[in-house]
Amino acid sequence: MRIGELAARAGTTPRTLRYYEARGLLPARRDDHGHRTYDARDLRLLEQIRTLRDSGFGLEETRPFVECLRAGHPEGDVCPASLAVYRRKLAELDALIGELRGVRGTVAAQLVRAEAAAAECPEPRCELGGETW
C-alpha cells in the first residue's frame, strides 16, 4: 500500500509517517517508481506506536516495542528491552502519583484552614468587584 492509504488506515498523516521513517521507526521501502510501499506489518508497527503514545510513552520509548515486532514477535512488548521500558514508565508514574498526593495534601490542608477562617468572618464575608460572596 502507499503512504496515503497507510496513513488513513492508521489514523495519522503522511507527514507523520515520513517523520517516523526519518527516525528509523518505520521502514523505508520503495517500489520501482520510487514510491514508498507498506504492508500489514507496518500498520501493526503504527498501531503499537499509537497505543503506547496514547498511554503517555514518548516516541523514543516506543523504539524497543517496534524493534521487537520487527524481530518477528507477535507482540511488541515481550522482549526484554520492552519490558524494561514498561518498568521505567511505571516507576515514573509512581513518582508522579507521589508528587500529586503531596500536592493534594497541601491543597486539602489549605481548604480546611480557609473554611475555618471563613466561618469566623462576619458578614459580608468577601467582596469581589462589588459582589458579596
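These figures come from a predicted structure and were not determined experimentally.

**Section: a nonpolar patch on the surface**
A cluster of nonpolar side chains, contributed by Leu-90, Leu-93, Leu-96 and Ile-97, occupies part of the molecular surface with about 340 Å² of accessible area. Along the chain, Leu-93 falls in helix H5 (residues 80–119). On the basis of relative accessible area, Leu-93 is assigned to the partly exposed category, the value being 37%.

**Notes on the state of the cysteines**
Going through the model one piece at a time under the given rule, you end up with one disulfide. The disulfide partner of Cys-68 is Cys-79, and the gap between their sulfur atoms is 2.1 Å. Disulfide Cys-68 to Cys-79: torsion about the S-S bond roughly 80°, handedness right-handed. With Cys-68 in helix H4 (residues 63–70) and Cys-79 in the loop between H4 and H5, the pair connects residues that are 11 residues apart, well separated along the chain.

**A few points about helix H3 (residues 40–54)**
Compared with the 21 Å implied by 1.5 Å per residue over 15 residues, the 21 Å span of H3 between its first and last C-alpha is a close match. Considered for burial, the residues of H3 that qualify are Asp-42, Leu-43, Leu-45, Leu-46, Gln-48, Ile-49 and Leu-52. Against helix H1 (3–10), helix H2 (14–22), H4 and H5 lie the buried residues of H3. Just downstream of H3, Gly-56 is the residue with a positive phi angle, here 100°.

**Points about H1**
All of the buried residues along H1 are Ile-3, Leu-6, Ala-7 and Ala-10. In a view along the axis of H1, the buried residues occupy a sector of 100°, so they form one face of it. Opposite its buried face, H1 presents the exposed residues Ala-8 and Arg-9, each directed more than 90 degrees away. Tucked inside the fold, the buried residues of H1 contact H2 and H3. Gly-11, located one to two residues past H1, shows a positive phi value of around 70°.

About the thresholds
The residue count restarts for each chain, going from 1 along the sequence in the order it is written. At least 70 in pLDDT is required for a residue's local features to be given in this predicted model, at least 80 for side-chain atom pairs to be given and counted, and no such filter applies to totals for whole chains, interfaces and linings, which use all residues. Each side-chain value is derived from all of the structure's non-hydrogen atoms; neither hydrogens nor water enter the calculation. For patch building, the residue pool is restricted to those with more than 30% relative accessible area and no salt bridge; the joining distance is 9 Å between like charges and 5 Å between nonpolar side chains (Val, Leu, Ile, Met, Phe, Trp, Tyr). Where accessible areas are quoted, they stem from the Shrake-Rupley method and a 1.4 Å probe; at the residue level, only the protein chains shown are allowed to cover. A pair is scored as a salt bridge if a Lys or Arg side-chain nitrogen falls within 4 Å of a carboxyl oxygen belonging to Asp or Glu. What counts as a helix is a DSSP run of H or I of at least four residues, what counts as a strand is a run of E of at least two, and both are numbered from the N terminus. Only protein chains enter the area calculation, which uses a 1.4 Å probe; residues under 20% of their type maximum are buried, those over 50% are exposed, and those in between are partly exposed. Here, a disulfide means two cysteine sulfur atoms that sit within 2.5 Å of each other. Each helix should span, by expectation, one fewer than its residue count multiplied by 1.5 Å. Only heavy atoms enter the contact rule, under which two residues are in contact if any of them lie within 4.5 Å. The directions considered for the arc are those from the helix axis to the C-beta atoms.

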